[in-house]
Amino acid sequence: PRLLSQFFFADERVTRVVAEINGLDAELDPQQYLVLLNQLHLSQAHLLAVLERIMEECIPTQRHSRDYLVKFPEELLVDNLGNHMLFAAECLLAGTFLEVEESDGAQLRPQARNLLCSLELVRTVLREQSLSQPSSYPEPVQAVLIQFDRLFAEFELSYVSSLVAVKSPDEIYRQQEIIVLFCETVERALHLGYLTQEMIDGYEPLLMFTIPRLAIISGLLIYPEGPLSLERSPEEMSRVFSPFYNLLKKIRDLLRVLSAEELCLLERSLCTAE
């Protein structure tokens, strides 16, 4: 159950697979080479997962901030992002630029080199610690982990920033505005009886359509200074809504001519229509 013991065996697995790859002629047996590459990917992912748990146990208050993750596109926030970063660093150090421009890759190589050197030091130190005192983390071990955690975070941010357009602070704020709008929309819908708490607690599938529809009306009429404010230019709106700027203006103009009773009837119909 000790994490250092788990790390020792995970590290052994990575070392063994690497040795098998180095001893194989990929041109003579390409199929076996692909099998071993997949095994390496899985074993490295397991090693990083154990290392992550060790850092949470050993240096929980000294971890490098990961606040930058909110800037990343949601499709990148997957469980194997860390392993992908490790693979990217290995490719960069080998002079292979799979995802980034060559100029960006050249700038990232020093960071990749520092990260991989730090990982090798971590592996060495943790292996020695697991064989001597597998239940403690002395200060030198903590220092090595703190350095690796920092280098990993810095490389991750730099690499992803060169790969995709990360969200700006303004875009993050706009997304938070949308979250607030949706929360206020749900609160208003509950108050008016459009929705019930049981529907929300039971994850009623219809809500996936109902809440966004009601939020558009709320954003255009009830909270006109919020994220759907048409006083802004399309460029100043969230990318969620900016492509529909002209359509939103037409919807707002139509909503403004409705009476209170007609608006209530419309909102109730949006809660039931498919």
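Residues numbered from 1 in each chain as written. Predicted model: local features only at pLDDT ≥ 70, side-chain atom pairs only at ≥ 80, totals over all residues. Heavy atoms only, no water.

Going by the annotation in an unreviewed UniProt entry, the name recorded for the protein chain is LST2 protein, with Picathartes gymnocephalus given as the source organism.

### As for helix α8 (residues 207-222)
In an α-helix, one turn spans 3.6 residues, which is why side chains three or four residues apart end up on the same side. The end-to-end C-alpha distance of α8, which contains 16 residues, comes to just 20 Å, noticeably less than the 22 Å that a straight helix rising 1.5 Å per residue would cover. Along α8, the residues that are buried comprise L207, T210, I211, L214, A215, I217, S218, G219 and L220. On its buried face, α8 is in contact with α6 (169-192), α7 (197-201), α9 (245-256) and α10 (260-270). (Helix = DSSP H or I, 4+ residues; strand = E, 2+ residues; numbered from the N terminus. Expected span 1.5 Å × (residues − 1). Buried < 20%, exposed > 50% of the residue type's maximum accessible area, 1.4 Å probe, protein only. Contact = heavy atoms within 4.5 Å.)

### So, the packing of helix α2 (residues 30-58) against helix α5 (residues 139-163)
Contact pair α2 / α5: the axes reach a minimum separation of 11 Å and the direction vectors enclose 120 degrees. Classed by the angle they form, the pair α2 and α5 counts as oblique. For the pair α2 and α5, the sense of crossing is left-handed. Of the residues in α5, those touching α2 at L51, I54, M55 and C58 are Q142, L145, F148 and D149. Classifying every residue of the contact of α2 with α5 gives six nonpolar, one polar and one charged. (Axes fitted to C-alpha atoms, helices over the stretch in contact; angles between N-to-C directions. Parallel < 35°, antiparallel > 145°, perpendicular 65-115°, else oblique. Left-handed = near helix turned anticlockwise from the far one by under 90°. Nonpolar A, V, L, I, M, F, W, Y, C, P; charged D, E, K, R; others polar.)

### Description of the domain arrangement of the protein chain
Accessible area lost when the parts come together is the quantity often used to give the size of an interface. The domain boundaries assigned to the protein chain delineate domain 1 (3-163) and domain 2 (169-272). For domain 1 and domain 2, the distance between their C-alpha centres works out to 43 Å. (Domains from an automatic or database assignment.)

### A short note on the pattern of salt bridges
What the rule picks out here adds up to 12 salt bridges. In this structure, R127 engages D11 in a salt bridge whose closest nitrogen and oxygen atoms are separated by 2.8 Å. One end of the pair, R127, is in helix α4 (residues 102-132); the other, D11, is in helix α1 (residues 3-22), and 116 residues separate them in sequence. Owing to a relative accessible area of 24%, R127 belongs among the partly exposed residues under this scheme. The shortest N-O distance in the salt bridge between E120 and R123 comes to 3.3 Å. Highlighted residues: E120 and R123, both in helix α4, separated by three residues, approximately one helical turn. One network of salt bridges, with partners in common, ties together D11, E12, E120, R123 and R127. (Salt bridge = Lys/Arg side-chain N within 4 Å of Asp/Glu carboxyl O.)

### With respect to the state of the cysteines
Per the counting criterion, the structure on display carries zero disulfides. A disulfide-free cysteine, C91 has its sulfur positioned 16 Å from the sulfur of C117, the nearest such atom. The exposure class assigned to C91 is buried, which follows from its relative accessible area of 13%. With no disulfide of its own, C183 lies closest to C271 among cysteine sulfurs, the gap being 17 Å. The partly exposed category is assigned to C183, whose relative accessible area is 49%. (Disulfide = S-S within 2.5 Å.)

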